[in-house]
Amino acid sequence: MNPDVEKILVSEEQLREINMRLGKQITEDYKDKNLLVLGILKGCVFFMTDLVRCIDLPLSIDFMTVSSYGSGTRSSGRVKITKDIDIDLDGYDVLIVEDILDSGKTLHYVSQILKTRGARSIKIATLLDKPERRVAPITPDYVGCDVPDEFVVGYGLDYDQKYRNLPYIGQLRRSIYE
């Protein structure tokens, strides 16, 4: 375990089980649809890669880079799109894949934009959910697991662009970011 991590919250084995469970459910729900899996970078990269391997359907993928954090630990509330999608959404059923749903401000903003672009449907899959921190009116359709209101890193999640490569989700020691 990395010495900057207080404790492991979601193990590698639990991550595999989450991806298999969600992949099976998404396969069932989208079997007759034109699925576009849309990842929110950078945090989704590990989760999305493993998740799409567990979806037994033809699908397309694209990415957006959206930020409301900068280098801090709390959302600034200002959402900025720095890389938009390349695919025309007309006729697609879009599944937004996010690493963590916290305040909900970023995903609410992205969902509102995508609704104007011709998608047949828009749903959200998040690896981690912090429902007690939600301030925006948004509810995920697929959730890996809930996590406590602590700063978490690993499996794509970062603090100041570090720790993304940890193979588990860990609680970062407060001394690192306070």
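Refer to the preceding data block for the structure.
Residues numbered from 1 in each chain as written. Predicted model: local features only at pLDDT ≥ 70, side-chain atom pairs only at ≥ 80, totals over all residues. Heavy atoms only, no water.

**Q** Help me out: how do you make sense of the pairing of strand β5 (residues 93-101) in this one?
**A** Within a regular strand, side chains alternate between the sheet's two faces. Taking burial as the measure, the nine residues of β5 include nine buried ones, the bulk of the element. Summarising the sheet, strand β2 (residues 35-41) and β5 pair through five bridges and their orientation is parallel. If you follow L36 over to β5, its bridge partner there is V94. Tracing the backbone out of β5, into helix α3 (residues 105-115) and back to the parallel element strand β6 (residues 121-129) gives a crossover that is right-handed. (Buried < 20%, exposed > 50% of the residue type's maximum accessible area, 1.4 Å probe, protein only. Helix = DSSP H or I, 4+ residues; strand = E, 2+ residues; numbered from the N terminus. Pairing = 2+ DSSP bridges. Right-handed = clockwise from strand over helix to strand, strands pointing away.)

**Q** Even after reading the chapter, I still don't get the environment of I85, so can you show me in this structure?
**A** Mapped onto the elements of the fold, I85 is located in the loop between β4 (80-83) and β5. Among the residues examined, I85 registers a relative accessible area of 12% and is labelled buried. For the pair I85 and M64, spaced 21 residues apart in sequence, the C-alpha to C-alpha distance is 5.5 Å. Residues within four places of I85 in sequence aside, it is in contact with L38, D62, F63, M64, L114 and R117. (Contact = heavy atoms within 4.5 Å.)

**Q** I tried to follow the nonpolar core on my own but got confused; where do I start?
**A** With 26 residues, the main nonpolar core has I26, L95, V97, L127, L128 and I169 as its most contacted residues. Every element with two or more residues in this core is listed here: α1 (12-29), β2, α2 (45-53), β5 and β6. In terms of residue count, α1 provides more of this core than any other element does, four residues in total. Here L128 is in contact with V10, D99, I100, L101, C145, V147, V152, L157 and I169, once residues within four sequence places are set aside. Counting residues in each nonpolar core, the second largest holds 18 residues, with L38, V79, I85 and L101 among its members. (Core = buried A, V, L, I, M, F, W, Y, C linked by side-chain atoms within 4.5 Å.)

**Q** Hey, could you run me through the sheet that holds strand β7 (residues 142-146) in this one?
**A** Sheet strands pair via backbone hydrogen bonds, and the direction of the pair is either parallel or antiparallel. One open sheet accounts for six strands, arranged β4-β3-β2-β5-β6-β7; its pairing is mixed. The open sheet has two edge strands, β4 and β7, and neither has a second partner. Along the sheet, successive strands turn relative to each other by an average axial angle of 30 degrees, direction set aside. Taken together, the four bridges between β6 and β7 define a ladder with parallel strand orientation. When the sheet's bridge partners are listed, D129 is paired in β7 with D146. The sheet contacts of α3 involve β2, β3 (60-67), β4, β5 and β6, and relative to β5 the element is tilted by about 170 degrees. (Axes fitted to C-alpha atoms, helices over the stretch in contact; angles between N-to-C directions.)

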